Each structure stands twice: as C-alpha cells, then as structure tokens.
Amino acid sequence: MKKLAVLTSGGDSPGMNACIRATVRRALNRGLSVSGVRKGYEGLIDNDFVDLKSSDVSNIIQRGGTILHSARSERFHAVEGRKSAAANLEKHEVDGLVVIGGDGSFRGADALASEYAIPVVGVPATIDNDLWGTDLTIGFDTAVNTALDAIDKVRDTAAAHDRLFIVEVMGRSAGFIALEVGVGAGAEAVLIPETPTDLERICRKVKDRVSMGRTSNILVVAEGDEAGNAFEIARKIEDRSGLKSRITVLGHVQRGGSPTTADRVLASKLGWAAVDALLDGAWPCMVGEISSEITHIPLQDSWTKRKPLDPLLITLSENL
Ligand code: ADP
C-alpha cells in the first residue's frame, strides 16, 4: 500500500477532526501518502480530493465538526454512484480507504468493499453510541457532557419556578444519550425507546414529589421514545394528570463543540488503529475499543448486532 484516503460521512460528531489527524499522521508515519475526501461520499463521486500533509492537520484536535466536511449522499446508494466513487479512487491511486462515520456510512463502505474489493476500514464516530463492537463511539462523551451541562441549567430554573421540565435529547432509535444524561443529571425519569414508557407511573411519581414539596422535576426523553417526542409526552401527561410542563429540545447543540479529552483520546487511538488495520490486512472491518483493547469486527456486525444498554444504568434511572 502506498496511498490511502480518509473521509467523514453522515452525521458529524465531535472528535472527527482528532481522528482525521491521527489517521493522517499514522499513515505518514508508516510511509504512506494521504488524500482527504471532502463531503463524504459526495466528494468521492465528485472527485473532491485534497492532499493532506502533517501540517494540514495541525491545530484541529480541539475543534468540533470536521475539516473535511460531511454529507449525506443519495447518489452513493445507487450502483452508478459507487462506480464513479471506485473509479475516482483508482484515478488517485488510492489503495485503502478510512471511513469515519456511523452505521449508514458503514453500509456504504461495505457495499464499496464488496463490489470493488477496495480495502476499507470504518471508524465509529456518532454521538448516538449505537454501534455494536465498541464500548463507545467518537463524539458520545462530548454530546453527553453538553446535554448534561444544559440540563443542570434547566434544573436551576425548574427549581426557581416550581416547574416540570421535559428535556428531549437525541436518539431516534437508541437511548444511550438519554440514559447516561438522565442518570448524570439526576432526572426524575428517563424515557427511552428500548424500555416501555409507563406514563401513569411517571405522573404519580411527579405528583408525589410535588406533594412532598419537591418542586423541581425533570424528565429526560430520547427523541425516538415510543410514547412520543417531548411535545407529545407533555400533552399526554397534562391530559392524564393536569400537570403542565415546559419543554426544552436540545437538538443539534449536542453535535457541536470542542471534544472532551475522552473523545480526543478515543479518536486518536482509533484513527491510528484504522491505518494499522489497513496495512496489516485486517480489512474490511470496523475498528473499535472494548475494555481498553483495540478490536476489529466485520463492518456488518456494527449494525446487524444490537448493542445492549447497561442494565445497571436502567435500574439507577428508575430508582434513584
Ligand atoms: P451515519 O453514517 O451517521 O449513520 P447516514 O445514515 O446518513 O449517516 O449515512 C451516510 C451515508 O452513507 C448516506 O448518505 C449514504 O450515502 C451512505 N449509505 C447509507 N446506507 C447505505 C447503503 N445501504 N448503501 C450504500 N450507501 C449507503
């Protein structure tokens, strides 16, 4: 192998830049040259390649977002799109591709690898932490800390005004963020898609707390909870119990900001490991970290197997 390419794809997450930096520097360190592909798979199709030197990735480890930009690419879903992408990789004499992204990006990477025998390694970067094969994904720790900071602030105003607040965090199909943040913020209840939401019980709990003089109440809800989003849940709670609530939807603030130390370190380890996986013939795979060990799993396992929530965290969220 003489040259590799790196891209960031799908939803951005804090720590992607730290991962690009580690990938580029490890590749240079092992005697390879590196191209960055801008805007994910869109850039692969549109031939948007840039040469990356060590100095090009200076001073980015602390920055959120991605210097390569990210995108969703409808065209990459089609055979024609992937054909152009493979042709461009060949034109640039790229021997291996590092894809930094989430499960959608890995589905695309897997298709490219199987159709064109292109050596591909995926690096798990998504704030949702919903990929099997790694304890944590790049960006999760930062997102959780951003949400926690916001909820601590909401708690102050909830206490000052004797209010019930419903805070919606990201997580369309997974409750990792909500659970972690809910336990960390001492929320009165955490509503996640993986467990049945018992609104009667929640209403009783809040009413009991109010009758005991505990006037600040916070519910954390994952956007994909089966009982509905924060607005629907607020309406259902009011219909059942007469309790009025205020709603805070954290939305995209959770994606931004400077990555935490944990995310910078994880991103650095996995960027390094991705290059080694390519050079050592471990592709196609996703690199991850489980109990401080670097792991390589088939790309498909990352989305076909379901990562379990920590059962102790669920117990804590229901009982503390
Ligand atoms: P994430 O990687 O954050 O999960 P997306 O789900 O949006 O983000 O996926 C990113 C991109 O990966 C998509 O816009 C598309 O170009 C590509 N992709 C996703 N699923 C597939 C698929 N089944 N086949 C080919 N490409 C795919």
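Preceding this paragraph is the structure being described.
For clarity, every value in this text was computed on a predicted model and none was experimentally measured.

Undergrad: Kindly report on the pattern of salt bridges, identifying the contributing residues and their values.
TA: Taken as a whole, this structure holds 19 salt bridges when the rule is applied. With a shortest N-O distance of 3.1 Å, arginine 107 and aspartate 103 are connected by a salt bridge. Taken together, the residues span about one helical turn, with arginine 107 and aspartate 103 both in helix H4 (residues 103-116) at a distance of 4 residues. Overall, arginine 107 belongs to the partly exposed group, its relative accessible area being 41%. When the shortest N-O distance is used, the salt bridge between aspartate 149 and lysine 153 registers 3.0 Å. Here the residue aspartate 149 and the residue lysine 153 both occupy positions in helix H5 (residues 140-161), the gap between them amounting to 4 residues, near one helical turn. Within this structure, Arg26, Arg30, Asp276 and Asp280 form a network of salt bridges that share partners.

Undergrad: Which residues make up the site of the ligand, and what values do they have?
TA: Every one of the 15 residues lining the ligand counts as a neighbour, but Arg72, Ser73, Gly102, Gly104 and Ser105 are closest to it. In this structure, serine 73 approaches the ligand through a main-chain N or O atom, which is 2.6 Å from an oxygen atom. Glycine 102 is positioned with one of its backbone polar atoms (N or O) 3.0 Å from an oxygen atom of the ligand. When the ligand is considered free in solution it has 550 Å² of accessible area, and contact with the protein chains removes 80% of it. Put simply, the ligand lies in the largest pocket. In terms of residues, the shell around the ligand owes the most to one element, H4, which gives 5 residues. Grouping the constituent residues of the shell around the ligand by class yields 2 nonpolar, 9 polar and 4 charged.

Rules of the game
Residues numbered from 1 in each chain as written. Predicted model: local features only at pLDDT ≥ 70, side-chain atom pairs only at ≥ 80, totals over all residues. Heavy atoms only, no water. Salt bridge = Lys/Arg side-chain N within 4 Å of Asp/Glu carboxyl O. Helix = DSSP H or I, 4+ residues; strand = E, 2+ residues; numbered from the N terminus. Buried < 20%, exposed > 50% of the residue type's maximum accessible area, 1.4 Å probe, protein only. Near = heavy atom within 4 Å. Polar contact = N/O pair within 3.5 Å; in protein donor to acceptor, adjacent residues only side chain to side chain. Areas by Shrake-Rupley, 256 points an atom, 1.4 Å probe, with all protein chains shown as cover. 1 Å grid on protein atoms, 1.4 Å probe; cavity = no way out; pocket = protein on both sides within 12 Å on 5 of 7 lines; lining within 4 Å. Sits in = over half its atoms within 2 Å of the grid points. Nonpolar A, V, L, I, M, F, W, Y, C, P; charged D, E, K, R; others polar.

Worth remembering: the numbers are spatial, not functional.
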